[in-house]
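For reference, the chains in residue letters:
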Amino acid sequence: MPDHAFADHELAALYDGLNPRESSGDYAFYFPMIMAADAVLDVGCGTGSLLHWARESGHTGRLVGLDPAEGMLAQARRRDDVEWVLGDLSTAAWDGEFDFAVMTGHAFQVLLTDDELRTAFSAVRRALKPGGRFGFDTRNPAARAWERWTPAHVWETGDVRSWNDAGPFENGYVHFKTTFESPNWDAPRYSESTLRFLDVPSLRGFIEEAGLEVEQQYGYWDRTPVTGDSPEIITIVRRPLT
């Protein structure tokens, strides 16, 4: 089930303001690959801002956004020249249709169980054309990003303030609560999330089990290699030609 922050229409409408396109390097990193592909699948597309940007920038091919959250897709559907699909990779039935698939914003980390990971990689492999690629990112657990998810780090958009409060790292998982507060509301609003953190060897195991090949892997958006304390594990995998 999607987090409340994504399913609720009013909170979803705040997402782009709290997470502007330029606030992370992921969009700029993946954008050339999207523009070079004839058919693109954005998994966990959220508000659709990445595919909006692609269309605004002249992409004339097929663009498909997949997301399980009604609130986020309501924002995405502000453009009707992109295919928007309610669901997730467990319900996907595409077969050899996409040159490139992408999963931005660490959305990969909401795949919490081994079975969910296997289902996701299998569905992506099936959806890609032979030779097609899939780009996704996950936070490197060694960088311990959750230690900075505290009420001291506040995001603001308009009159709404938001912050996270993370629990401990336990067996590869972190649970955290997000608070949204506005003087125009009677009370704060909350959303709770759990994310899974995988290291490089564990990640590679799931990739290879799905019959995909690691093409490139980076530790940050500037394409530096993955090291022990890199903040990111950015991975591009390819479906083999045969």
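Residues numbered from 1 in each chain as written. Predicted model: local features only at pLDDT ≥ 70, side-chain atom pairs only at ≥ 80, totals over all residues. Heavy atoms only, no water.

Draft legend 1. Representation of the pattern of salt bridges within the structure. Under the definition given, this model contains 15 salt bridges. Of the charged contacts in the structure, one is a salt bridge between D81 and R79, with a shortest N-O distance of 2.6 Å. D81 gets classed as partly exposed once you look at its relative accessible area, which sits at 32%. R79 gets classed as partly exposed once you look at its relative accessible area, which sits at 23%. For D115, the salt bridge is made with R118, and the minimal N-O distance between the two is 3.5 Å. Of this pair, D115 and R118 both sit in helix α7 (residues 114-127), three residues apart, which is roughly one turn of the helix. Residue D115 is classed as exposed on the basis of its relative accessible area, which comes to 56%. A relative accessible area of 36% means that R118 is categorised as partly exposed. (Salt bridge = Lys/Arg side-chain N within 4 Å of Asp/Glu carboxyl O. Buried < 20%, exposed > 50% of the residue type's maximum accessible area, 1.4 Å probe, protein only. Helix = DSSP H or I, 4+ residues; strand = E, 2+ residues; numbered from the N terminus.)

Draft legend 2. Local environment of the pairing of strand β3 (residues 83-86). Bridge count between strand β2 (residues 62-67) and β3: four bridges; the pairing is parallel. Bridge assignment links D67 to a residue of β3, and that residue is L86. After leaving β2, the chain enters helix α6 (residues 70-76) and then returns to the sheet as β3, a path that is right-handed. (Pairing = 2+ DSSP bridges. Right-handed = clockwise from strand over helix to strand, strands pointing away.)

Draft legend 3. Representation of helix α5 (residues 49-56) within the structure. By the criterion of burial, α5 is predominantly enclosed, with seven of the eight residues buried. Along α5, the residues that are buried comprise S49, L50, L51, H52, W53, A54 and R55.

Draft legend 4. Fine view of the packing of aromatic side chains. In the structure shown here, the tally under the stated rule is 18 aromatic pairs. Taking the centre distance of 6.1 Å and the plane angle of 80° together, the rings of F169 and F197 count as edge-to-face. Of the two residues, F169 sits in strand β7 (residues 160-170) while F197 sits in the loop between β9 (189-196) and α8 (200-209), which places them 28 residues apart along the sequence. With relative accessibility at 5%, the residue F197 sits in the buried group. (Phe/Tyr/Trp six-rings, centres within 6.5 Å; stacked < 30°, edge-to-face > 60°.)

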